[in-house]
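Fold and geometry: a report
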Amino acid sequence: MKVGVPKEIKTHEYRVGLTPGAVREYVSAGHKVMVETNAGSGIGSTDDDYRKAGATIAESAREVFASSEMIVKVKEPQPSEWEQLRENQILFTYLHLAPDPEQAKGLLKSGCTAVAYETVTDAQGGLPLLAPMSEVAGRLAIEAAGTALKRYAGGRGLLIGGVPGVQAARIVIVGGGVVGTHAARMAVGLGAEITVIDRSINRLRELDELFQGRVRTRFSTIESVEEEVFSADVVIGAVLVPGASAPKLVSRKMLSSMRKGSVIVDVAIDQGGCFETSHATTHADPTYEVDGVIHYCVANMPGAVPLTSSHALNNATLPFGLSLANKGFAAILEDPHLRAGLNVYRGRLTYKAVAESLGLPFSPIDQAAA
C-alpha cells in the first residue's frame, strides 16, 4: 500500500504521524511510504533520516494526499486537508468529531474511510491509541497548572507543593481514568493536596490502593463536585466518554464561588470540554480568564513535547496501522478493535456516539458497507 505522512499544520503541533523507525517497519512489510518534507522536524528527524528508513520525500502535502492510499496523521485534518481526501482513501489519525461538526461534514463529503485513534479498542476494553497521549496530557496538566498559578500569569501566586510551614495547593481531579491517574502521580510528586472524583467505586478503590492514602477519593455527585471545586486551587478536567462530547460537570454559575486566581485545566477539551466556560486554546495563547478563574484549554497538549509524544503514539499505533496497510478495509471488518475505530465510511457516520453528539444519522458498519 502507498502510505502518506503529511506535516502537521495545526497551530504549534510538532508531532508526526510516523517516526523514521515506524517508516522502516512499513517499508520492511512491503509498503511504500511518502513523507512531506520537514514533517519530522518537530522531533528532530530530518528528511535524510526518513530517506534512510526507506521513505520518499514529497515537496508538498498536496503531493502526499494525491499519491497515497492511506494517510497517517496525528491531529484531526484541517479544512485544507479534508478537502484533499477522497473516496477509497483511508485516514488514520485522531479525529475528535463529536464537538466538530465542520470537520465531520468535510470528512463525510470527501467519501474517505476515517479511523479515529481515540475510539480504537483493545481486548481489555481500553483505548490503546488514546492512552499514551492521555498519559502525557495528564502529566502536562500539572505543569500547566503550576505555570498558570503564578501571579504574573493571573493566578493566586501559589507554589503547588508549598514549603514547610505553608499549605500546598489543593488540586481536584475530575475523572479517575488515565489522564486523572497520571495527573495525580505528578501532583503527588510535587507534594500537593489531591482529591480525585469519579463515578466508579471500583476505580476509586484502585486509586486508593495505588496511592496508599496520598490521594483522597470521592464519589462523584453534584454536591461532592461543588464542595471540592469551591475549595480548590486547581481543577483538572479529565472526564472521557469515548467518542462522545464530554459532560459539562462545572457550570458557569459555579465559577463565581471558586477562589479568584484559581486554575482550570480542561484536558477533555478535544471532546468539547467538561467545564461550561471552556473553549479550545492553543500553545501560542493557552489561557484566558472567566470570573477571575484562569482557564487552560489547549486542545493538543502533547504537541508541546513532540519527541516524547510521537514515539509513544507510534509505539501504540504501529500494529494497527500495519494491519490497515496490509489488508486495507478488510482489516476493519476482521478486527473488532479497528472496527470500533471506524468513525466515517463513504459519506456515513459509523460511530454511534459521534452521530448522536452531532445530531446526524448513524449507519452501523454492516449497513454502511453493504
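Just above, that's the structure.
Residues numbered from 1 in each chain as written. Predicted model: local features only at pLDDT ≥ 70, side-chain atom pairs only at ≥ 80, totals over all residues. Heavy atoms only, no water.

Details of the packing of aromatic side chains
Aromatic rings in a pair are described by how distant their centres are and how their planes are angled relative to each other. We count it as follows: Pairs were defined over the aromatic rings of Phe, Tyr and Trp, the Trp ring being its six-membered one, requiring ring centres within 6.5 Å. Orientation was assigned from the angle between planes: stacked under 30 degrees, edge-to-face over 60, tilted for the rest. Put simply, DSSP H or I for four residues or longer makes a helix, DSSP E for two residues or longer makes a strand, and each gets a number counted from the N terminus. Under the scheme applied here, a residue whose accessible area is under 20% of the maximum for its type counts as buried, over 50% as exposed, and between as partly exposed, the area being computed with a 1.4 Å probe on protein chains only.
Using the criterion set out here, one finds 3 aromatic pairs in the structure. The interplanar angle of 90° and the centroid separation of 4.7 Å between the aromatic rings of Phe-92 and Tyr-117 together place this pair among those described as edge-to-face. Taken together, the positions of Phe-92 in strand β5 (residues 90-93) and Tyr-117 in the loop between β6 (113-116) and α6 (131-148) put the pair 25 residues apart, joining distant regions of the chain. Residues Phe-92 and Tyr-117 agree in their burial class; the two are buried. Ring geometry for Phe-329 versus Tyr-345: centroids 4.4 Å apart, planes at 15°, classification stacked. A residue pair is termed long-range when its members are at least 10 positions apart, and Phe-329 in helix α12 (residues 329-334) and Tyr-345 in strand β14 (residues 342-345) qualify at 16 residues. There is no split in this pair, since Phe-329 and Tyr-345 are both buried. One aromatic cluster is present, built from ring pairs that chain together Phe-92, Tyr-94 and Tyr-117.

Some words on the pattern of salt bridges
Cut-off, in case you're wondering: The working definition used for a salt bridge is a side-chain nitrogen of Lys or Arg within 4 Å of a carboxyl oxygen of Asp or Glu.
Counted according to the given criterion, the structure contains 19 salt bridges. Here Glu-81 and Lys-73 are joined by a salt bridge, their closest N and O atoms 3.4 Å apart. Comparing Glu-81 with Lys-73, the two get one shared label, buried. If you follow the salt bridges from partner to partner, you end up with Arg-170, Glu-193, Arg-216, Arg-218, Glu-227 and Glu-228 in one network.

Considering the packing of α6 against helix α7 (residues 178-190)
Rules: Helix axes use the C-alpha atoms of the stretch in contact, all axes being lines fitted to C-alpha atoms, and the angles between their N-to-C directions lie in the range 0 to 180 degrees. Should the near helix be turned anticlockwise from the far one by less than a right angle, the crossing is left-handed, and should it be turned clockwise, the crossing is right-handed. By the convention used here, residues are in contact when the closest approach between their heavy atoms is within 4.5 Å. For this scheme, ten residues count as nonpolar: Ala, Val, Leu, Ile, Met, Phe, Trp, Tyr, Cys and Pro. Four count as charged, namely Asp, Glu, Lys and Arg, and the remainder, Gly too, count as polar.
Running from N to C, α6 and α7 point in directions that differ by 35°, and their axes come no closer than 7 Å. With respect to the hand of their crossing, α6 and α7 are arranged in right-handed fashion. Contacts between α6 and α7 involve Ala-131, Ser-134, Glu-135, Gly-138, Arg-139, Ile-142 and Glu-143 from the first element and Val-178, Val-179, His-182, Ala-183, Arg-185, Met-186, Ala-187 and Leu-190 from the second. Looking at the contact of α6 with α7 residue by residue, the classes come out as 8 nonpolar, 3 polar and 4 charged.

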